[in-house]
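Residue strings, one per chain:
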Amino acid sequence: IMICKLGQDGHDRGAKVIASAYSDLGFNVYMSALFLTPEQAVNQAIKNKVHILGISSLAGAHKELVNAIAYHLKKHKREDIKIVVGGIIPKKDYKILTKMGVVKIFKPGSNVVKTAIDILSILT
């Protein structure tokens, strides 16, 4: 799994907590640098051979950024890399994000073990 922060969203504490917890649970976790563009994130996901691209979003640009991620995955013919999103996502945006290809959305305070089980179910 790759966990990334996109655009100008520098709030990375939650992403780091999740990355650490998933690593403790046995996942191979790649934590990206801050302020990536969607294209950079997709290139890193492909390079690191991840199965899940986890986007942490707290700054409100999630729709535009996820749309760009989906575009670049399609451009590289890598729609097999699944997109999950965590953070401050308004409920009204869930349907839009799902249509863009997001397979799971996690809210702040989600149980980490439960989210890990959800991630594993995506891969099976």
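1. A closer look at the overall build of the chain
On a plain count of helices and strands, the chain comes out with five helices and five strands. When the helices and strands of the chain are placed in sequence order, the string is β-α-β-α-β-α-β-α-β-α. On C-alpha atoms alone, the chain measures out to a radius of gyration of 13 Å, which is about the 14 Å that the 2.2 N^0.38 rule sets for 124 residues. Judged by the C-alpha coordinates and their principal axes, the chain covers about 35 × 30 × 25 Å. Of all intrachain contacts in the chain linking residues separated by at least 6 positions in sequence, the fraction that spans at least 24 positions is 69%. If you sum the accessible surface of the chain, you get close to 7000 Å²; carbon and sulfur atoms cover 57% of it.

Conventions and cut-offs
- Residues numbered from 1 in each chain as written.
- Predicted model: local features only at pLDDT ≥ 70, side-chain atom pairs only at ≥ 80, totals over all residues.
- Heavy atoms only, no water.
- Helix = DSSP H or I, 4+ residues; strand = E, 2+ residues; numbered from the N terminus.
- Rg over C-alpha atoms; globule rule 2.2 N^0.38 Å.
- Contact = heavy atoms within 4.5 Å.
- Areas by Shrake-Rupley, 256 points an atom, 1.4 Å probe, with all protein chains shown as cover.

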